[in-house]
Every structure is written in structure tokens, then in C-alpha cells.
Amino acid sequence: TESILQRPLETGVTGLATWVILPIVAVVAFVSLIGIPVGLVIVLVVIPLLALVGYLVAAYLVGTWLAAVTKIEVGRYLAVIAGVIVLQLLGLVPWIGGLVVFIATLFGTGAVVYRLWMDRQERREASATVAPMGGPAHA
């Protein structure tokens, strides 16, 4: 949720790029016989899991915001449950509800992918700065 609050543009663009690129990768994978299982995994596992996790991240953000506004102290799970309830109720509003849920899922997915990408970059940079050990011995 920190990514959504601190870097909303990057998070939104990452979410949008994820939802555009993943289906394209899946379709390209379906072209070859070997790629069909990869395409199926992307379509049947990766995309639905990303949508679910993104939705839950957005629900957590909504739940923590709601707890802060009402000054009620809640745990992580209760914040997610409250956020899911709010997002589901908003989803029932004609015309706007679907858009709100879509944007919440988009930003939640973007936050997950953006955070994974940034963690990977940080690990890569950290491993590049570490001096190699066990190099050739100098006599």
C-alpha cells in the first residue's frame, strides 16, 4: 500500500502495463506447441492470482483508511475484511461501481508488481556492490 500512496503514478502505470502485457505474452505463448502450457498458466493462474492479490491490497488500503478516519484500531485482517466489504458495496453502485473496483484492482496489482520489481532491483544492486570472494590468490 505504501507504493500506492507514495508513488501513485508509477503504481498505476505498472498496473496498467501488467494488465496489457500479460495477456499479450499469453497469446504469443499460445502460438507454439511448447508455449501452450505457459500461456495456460498465465491465463488460468497468474492473471487471476494477480487480480485477487491486487484487490486485497487495495482493500487493505481502504480498510486502513477507514480505520484511521473512524479512529478505530484494527488489525491487518480486519482492515482487509472491512476494505473488501466497502469495495464490494461500492461495486454494487450502477455505472461507477465496476470502475471503482477495476481501478482499485489495477492500483493494487500495480503496487504488487512495482514492489516486486523494486525489490529485485535493490537485490541486484546490492549483489553488484559486494566484492567477489575467492578470487585468484596473489603470492
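Structure report, in brief. (Residues numbered from 1 in each chain as written. Predicted model: local features only at pLDDT ≥ 70, side-chain atom pairs only at ≥ 80, totals over all residues. Heavy atoms only, no water.)

A contiguous nonpolar surface patch, about 990 Å² in accessible area, is contributed by F30, L33, I36, L40, V41, V43, L44, V45, V46, L49, L52 and L56. At 10 residues, the largest contribution of residues to the nonpolar patch is made by helix 3 (residues 35-70). With respect to the helices and strands, the residue F30 is situated in helix 2 (residues 8-30). Residue classification places F30 among the partly exposed residues on the basis of a relative accessible area of 32%. (Patch = residues over 30% accessible without salt bridge, like charges linked within 9 Å, V, L, I, M, F, W, Y side chains within 5 Å. Areas by Shrake-Rupley, 256 points an atom, 1.4 Å probe, with all protein chains shown as cover. Salt bridge = Lys/Arg side-chain N within 4 Å of Asp/Glu carboxyl O. Helix = DSSP H or I, 4+ residues; strand = E, 2+ residues; numbered from the N terminus. Buried < 20%, exposed > 50% of the residue type's maximum accessible area, 1.4 Å probe, protein only.)

As a further point, take the environment of T70. Looking at the secondary structure, you find T70 in helix 3. By relative accessible area, which is 40% here, T70 ends up partly exposed. Residues T70 and L9, spaced 61 residues apart in sequence, show a C-alpha to C-alpha distance of 28 Å. A distance of 2.9 Å separates the side chain of T70 from the backbone oxygen of L66, its partner in a polar contact. (Polar contact = N/O pair within 3.5 Å; in protein donor to acceptor, adjacent residues only side chain to side chain.)

At a closest axis distance of 7 Å, the pairing of helix 2 and helix 5 (residues 97-129) adopts a crossing angle of 95°. With respect to their mutual orientation, helix 2 and helix 5 come out roughly perpendicular. Taken together, the residues of helix 5 that come into contact with helix 2 (itself represented by P8, E10, T11, G12, T14, G15, L16, T18 and W19) are T105, L106, F107, T109, G110, A111, V113 and Y114. Class assignment of the residues belonging to the contact of helix 2 with helix 5 gives a composition of eight nonpolar, eight polar and one charged. (Axes fitted to C-alpha atoms, helices over the stretch in contact; angles between N-to-C directions. Parallel < 35°, antiparallel > 145°, perpendicular 65-115°, else oblique. Contact = heavy atoms within 4.5 Å. Nonpolar A, V, L, I, M, F, W, Y, C, P; charged D, E, K, R; others polar.)

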